[in-house]
Amino acid sequence: MWKRIGELSCDDYVKAGLTLEDAKGFDKLVRDVLSTAIETDPRDQWKALVDESVLKPWHPHPLHQLLYYSVYSNWDSSVLGPPLYWFPSPAQSKSTNLGKLMETHGSRLLGASYKNPLESFELFRRFSVEHPEVYWSVVIDELSLVFHTPPRCILDKLKPGGTWLPDAVLNIAECCLMPSSHPKKEDDSVAVVWRNEGFDDSPLNRMTLKQLREQVMLVANAIGGSFEKGDTIAIDMPMTVDAVIIYLAIILAGCIVVSIADSFAAKEIATRLKISKAKGIFTQDYILRGGRRFPLYSRVVEAAPSKVIVLPASGTELRVQLREQDISWMDFLSNAKTHLSGENYYRPIHLPVDSMINILFSSGTTGEPKAIPWTQLSPIRSTCDGWAHLDVQVGNTYCWPTNLGWVMGPTLIFSCFLTGATLALYQGSPLGRGFGKFVQDAGVTVLGTVPSLVKTWKRTNCMEGLNWTKIKYFATTGEASNVDDVLWLSSKAYYKPVIECCGGTELASSYIIGSPLQPQAFGAFSTPSMTTRIIIFDENGVPYADDQPCTGEVGLFPQHLGATDRLLNANHDEVYFKGMPMYKETQLRRHGDIVKRTVGGYYNVQGRADDTMNLGGIKTSSIEIERVCDQADECISETAAVSLTPPNGGPELLVIFAVLKEGFKKPSEEELKMKFSITIHKDLNPLFKVSFVKIVPEFPRTASNKLLRRVLRDQMKQELLSFRSRI
């Protein structure tokens, strides 16, 4: 139980890591800042502490915890909504992309109702839902899009879901590479900045827009000489500068990228090559990471592709023996050079806007992975999300450790090159200090993460002493965030907002997200994304009112620019629409998440619909239980909650798996069971009973780092069956 902020003393600050002398000065500073706010709203108290930079990025994390949790010690989220930690200012809001757009068009679109970006955000967002064609008509002009043939209109509503930008023809890769006056992209603008792992004290590498264009055109020329228009060509390699060049070159040449994560085993690579009917694949001889060398070409060859173009992981010489039908990167490029003249000019292949440019895959946690086609509409949508919600703009440096095999890889590329931002790549492991120093040295202004990555940084304290204060926004996606982990992350840049993003590859966007025009709460989403309407419905398919706090499965309105209308290896309607409820004569689109809408209109993702459990007749979710159990003891690193139906039937049993932190006394499973039971009883529901606790060294995860509760559930089922057979 935390003390109230007014009850804290020097002793508390010393226990949190300050020297006695520093604690005295800190105590006086806190009291001075709060002298006029000690009995006011805790949100005002926290805002005052942040505005005065009382807490510094270099202060020990226990001190940040002490102030934040003490300010909100008596906060009742069930009545007041989630506690807030970041508040946009009027001046700051008008400098954001969306704020500037609202100031320009708000009065025309909203009339006398428009006031300013902060007060009118929700009104403008609802306008974008009701009139998406109007919203997209002004937002698309903010990107560096060049149409070979302009669209006939923004939205043709003749068919369900509509047809977006009908008759438009372009090449989205060409749009990334050409200079523009708005947004301002010039040939000498820095397009990419990068550093290789192990060269942490070396100068940064930079590539201008002109240099990037020339390299992409060179590779596109080579592709055009070896493949046919419309061929599917895979990429299985880390997200390096070369991978980005190849990705854009494949699209520029009128071919289709097949995105494969570099972590997959040969069997998974083969599955994706077979589904996509890939005619060739780009890869590396090895992956260099953490000072070690991991074979990649041998894994790709085991998957039996027809043709492999192989790049060296370092230098210019390959360290593997190639098959007869395969070709080295240098030989592949030498063929192109004989066909080029001038500035390596290559005439792009222009395609209808709904042409497929990229095949991505779902995580494949159950059965065959879904092959998800991205058309040229998809990057337009994903870029506009970043433009509106992460405020990505000219002059920004945007970094997100990811891979082309996951949706954030292509999203990152287009979000930078269609807005005029600089793409920042660390070619190595993001787990250690080397990555953090790159973020510092590159002057990263927008940093994307996943929760497990932040947890590692916090646990190892590897970012201690680095300067991340140029960051204006953090972002996170992939799984639910731990509040204390994002508190730590935000504190590294004087409490800049951590924008939570939740969406899907098939949407090319987030459906709920944060906004720089709204106050933010740790681990929560503040709004549906622009133009997106969501419906939360109960187990009977009955929708809750739009402003009602509730928990249920989420459904999306199908008129969603950039979303798929087909899958390559599954029935699209069966996957996304079959069995979904109707809402005002419209069948909702399935996403599969259980979402909680809080008091105040914030959102928490409670897990997947298939992670829902029924405990004592009450429905809850794995994530809701895990949020509580993660705080049960300081030795807990993370927890996973699953439910089991007993072999002979009966009520579901709650099982909690726990991974422990290093350096703490290891409790017994029975001791943890008691602590979890007390915490759940106090903070969640006294009717929920913990049946089993299992301590494990780590959790099984997908290649994209999503927790595999299904595997844990199956393991526990086997243990129970084995136990029963012995008695």
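Residues numbered from 1 in each chain as written. Predicted model: local features only at pLDDT ≥ 70, side-chain atom pairs only at ≥ 80, totals over all residues. Heavy atoms only, no water.

A.B. asks: Before we go on, may I ask you to explain the overall build of the protein chain in this structure?
C.D. replies: On a plain count of helices and strands, the protein chain comes out with 24 helices and 35 strands. Radius of gyration (C-alpha) of the protein chain: 26 Å, near the 27 Å computed for a compact globule of 727 residues. Seen along its three principal axes, the alpha-carbon backbone of the protein chain occupies a region of about 75 × 75 × 60 Å. Taken over 727 residues, the protein chain has a buried fraction of 57%. Counting only contacts in the protein chain whose residues sit at least 6 apart along the sequence, the fraction spanning at least 24 positions is 66%. (Helix = DSSP H or I, 4+ residues; strand = E, 2+ residues; numbered from the N terminus. Rg over C-alpha atoms; globule rule 2.2 N^0.38 Å. Buried < 20%, exposed > 50% of the residue type's maximum accessible area, 1.4 Å probe, protein only. Contact = heavy atoms within 4.5 Å.)

A.B. asks: Got a minute to help me understand the sheet that holds strand 33 (residues 636–644) in this structure?
C.D. replies: By way of backbone hydrogen bonds, the strands of a sheet pair with one another, either parallel or antiparallel. The sheet built from three strands is open, its strands ordered 33-34-35 with mixed pairing. Strands with a single pairing partner mark the edges of an open sheet, and in this sheet they are strand 33 and strand 35 (690–695). Averaged over all adjacent pairs, the angle separating strand axes in this sheet is 25°, with direction ignored. As paired strands, strand 33 and strand 34 (residues 653–660) are joined by eight bridges and run antiparallel to one another. Note on strand 34: the bridge partner recorded for T639 is A658. Lying over the sheet, helix 22 (residues 622–629) contacts strand 33 and strand 34, oriented at roughly 145° with respect to strand 33. (Pairing = 2+ DSSP bridges. Axes fitted to C-alpha atoms, helices over the stretch in contact; angles between N-to-C directions.)

A.B. asks: Is there a simple way to think about the side chain of T449 in this case?
C.D. replies: Structurally, T449 can be placed in strand 19 (residues 446–449). For T449, a relative accessible area of 1% gives the class buried.

A.B. asks: Honestly, the environment of Q92 in this entry has me stumped. Any pointers?
C.D. replies: Topologically, Q92 is positioned in helix 6 (residues 90–93). Along the sequence, Q92 and L517 sit 425 residues apart, while their C-alpha atoms lie 8.9 Å from each other. With sequence-adjacent residues up to four places away left out, Q92 is seen in contact with W86, Y473 and P516. Looking at Q92, its side chain comes within polar contact range of the side chain of Y473, at 3.1 Å. (Polar contact = N/O pair within 3.5 Å; in protein donor to acceptor, adjacent residues only side chain to side chain.)

A.B. asks: What's the story with the sheet that holds strand 7 (residues 232–236) in this structure? I'm lost.
C.D. replies: Spatial ordering of the open sheet is given by 13-12-9-7-8-15-16, a layout of seven strands whose pairing is mixed. Looking at strand neighbours, the two that pair on one side only are strand 13 (327–328) and strand 16 (371–375), the edges of this open sheet.

A.B. asks: Help me understand empty space enclosed by the protein in this model?
C.D. replies: If you walk through the whole model with that rule in mind, you get one cavity of 30 Å³ or more. The space that makes up the largest cavity amounts to roughly 40 Å³. W46, L49, V50, S53, V54, L55, Y494 and Y495 together form the lining of the largest cavity. Among the residues making up the lining of the largest cavity, the classes are represented as seven nonpolar, one polar and no charged. (1 Å grid on protein atoms, 1.4 Å probe; cavity = no way out; pocket = protein on both sides within 12 Å on 5 of 7 lines; lining within 4 Å. Points joined across faces, edges and corners; volume = space filled by probe spheres on them. Nonpolar A, V, L, I, M, F, W, Y, C, P; charged D, E, K, R; others polar.)

A.B. asks: Help me understand the domain arrangement of the protein chain, please; the structure alone is not making it clear to me.
C.D. replies: Accessible area lost during the coming together of the parts is what is often quoted as the interface size. Partitioning the protein chain into structural domains gives domain 1 (5–75), domain 2 (172–593) and domain 3 (616–726). When each unit is reduced to the centre of its C-alpha atoms, the spacing between domain 1 and domain 2 is 39 Å. On the side of domain 2, 12 residues touch domain 1, which itself brings 12 residues to the contact. On the domain 1 side of the contact with domain 2, P57, H61 and Y68 bury the most area, a combined 47% of that side's loss. For the pair domain 1 and domain 2, the number of links is zero salt bridges. Counting every contact that joins domain 1 to domain 2 gives five residue pairs in polar contact (both at pLDDT 80 or more). Put simply, the parts of the chain that give the side of domain 1 that touches domain 2 at least two residues each are helix 3 (42–51) and helix 4 (61–71). For the side of domain 1 that touches domain 2, the element with the highest residue contribution is helix 4, accounting for five residues. Looking at the side of domain 1 that touches domain 2 residue by residue, the classes come out as seven nonpolar, four polar and one charged. (Domains from an automatic or database assignment. Buried area = accessible area lost by both parts, 1.4 Å probe. Salt bridge = Lys/Arg side-chain N within 4 Å of Asp/Glu carboxyl O.)

A.B. asks: Can you walk me through the UniProt feature "transmembrane region" (unreviewed entry) in the protein chain in this structure?
C.D. replies: Under the UniProt annotation, the feature "transmembrane region" (unreviewed entry) is placed at residues 244–265. Helix makes up 41% of residues 244–265 and strand makes up 18%, while its end C-alpha atoms are separated by 22 Å. (UniProt positions renumbered as here; feature names shortened; annotations may be inferred.)

A.B. asks: Even after reading the chapter, I still don't get the packing of aromatic side chains, so can you show me in this structure?
C.D. replies: For any pair of aromatic rings, the description consists of the separation of the ring centres together with the inter-plane angle of the planes. Under the defined criterion, the tally for this structure stands at 23 aromatic pairs. Ring geometry for Y247 against F414: centres 5.9 Å apart, planes inclined by 65°, an arrangement best described as edge-to-face. In this pair, Y247 sits in helix 12 (residues 241–252) while F414 sits in helix 17 (residues 408–417), placing the two residues 167 residues apart along the sequence. For Y247, a relative accessible area of 0% puts it in the buried group. The exposure class of F414 is buried, given its relative accessible area of 0%. Ring plane angle 20° and centroid distance 6.4 Å describe the contact between W329 and F332, whose orientation is recorded as stacked. With W329 and F332 both in helix 15 (residues 329–337) and three residues apart, the pair spans about one turn of that helix. The class for F332 is buried, based on a relative accessible area of 1%. Taken together, the aromatic side chains of W2, W46, Y68, Y69, Y72, W75, Y85, Y495 and F522 make up a single cluster linked through ring pairs. Positioned above the aromatic ring of F264, the side-chain terminus of R272 is 4.0 Å from the ring centre. Geometry around F361 places R272 over its ring, the cationic atom sitting 5.4 Å from the centre. (Phe/Tyr/Trp six-rings, centres within 6.5 Å; stacked < 30°, edge-to-face > 60°. Lys NZ or Arg CZ within 6 Å of the ring centre and 35° of its normal.)

A.B. asks: How should I be thinking about the layout of surface pockets in this particular structure?
C.D. replies: Empty space left among the atoms is revealed by rolling a probe the size of a water molecule over them. Space inside the second largest pocket adds up to approximately 820 Å³. Sorting the residues of the lining of the second largest pocket by element identifies strand 3 (163–164), strand 16, helix 16 (377–389), helix 21 (572–576) and strand 28 (586–587) as the ones contributing at least two each. Take the lining of the second largest pocket: its biggest share by element is three residues, from strand 16. Per-class residue counts for the lining of the second largest pocket are 16 nonpolar, 14 polar and eight charged.

A.B. asks: Explanation requested: helix 19 (residues 451–460) in the structure shown.
C.D. replies: An α-helix turns once per 3.6 residues; consequently, residues spaced three or four apart project the same way. Counting buried residues in helix 19 gives seven out of 10 residues, a clear majority hidden from the surface. Within helix 19, the full set of buried residues consists of P451, S452, L453, V454, K455, T456 and W457. Of the surrounding elements, those touching the buried residues of helix 19 are helix 18 (433–442), strand 19, strand 20 (473–476), helix 20 (483–491) and strand 33. Backbone geometry just after helix 19 places N461 at a positive phi near 55°.

A.B. asks: Please clarify how unusual backbone geometry should be interpreted in this entry.
C.D. replies: Negative phi values dominate among residues other than glycine, just as trans dominates among peptide bonds. Here the bond from H182 into P183 is cis, since omega is -5°, no more than 30 degrees from zero. As for its position among the elements, P183 is in the loop between helix 10 (172–177) and strand 5 (190–196). With a phi angle near 70°, T531 is a residue other than glycine that sits in the positive phi range. Structurally, T531 can be placed in the loop between strand 24 (527–528) and strand 25 (534–537). Taking the relative accessible area as the measure of exposure, T531 reaches 8% and is therefore buried.

A.B. asks: For this particular structure, what's the right way to read the environment of I235?
C.D. replies: Within the secondary structure layout, I235 lies in strand 7. Given a relative accessible area of 1%, I235 falls into the buried group. Remark: the alpha-carbon pair of I235 and D41, spanning 194 residues in sequence, is separated by 53 Å.

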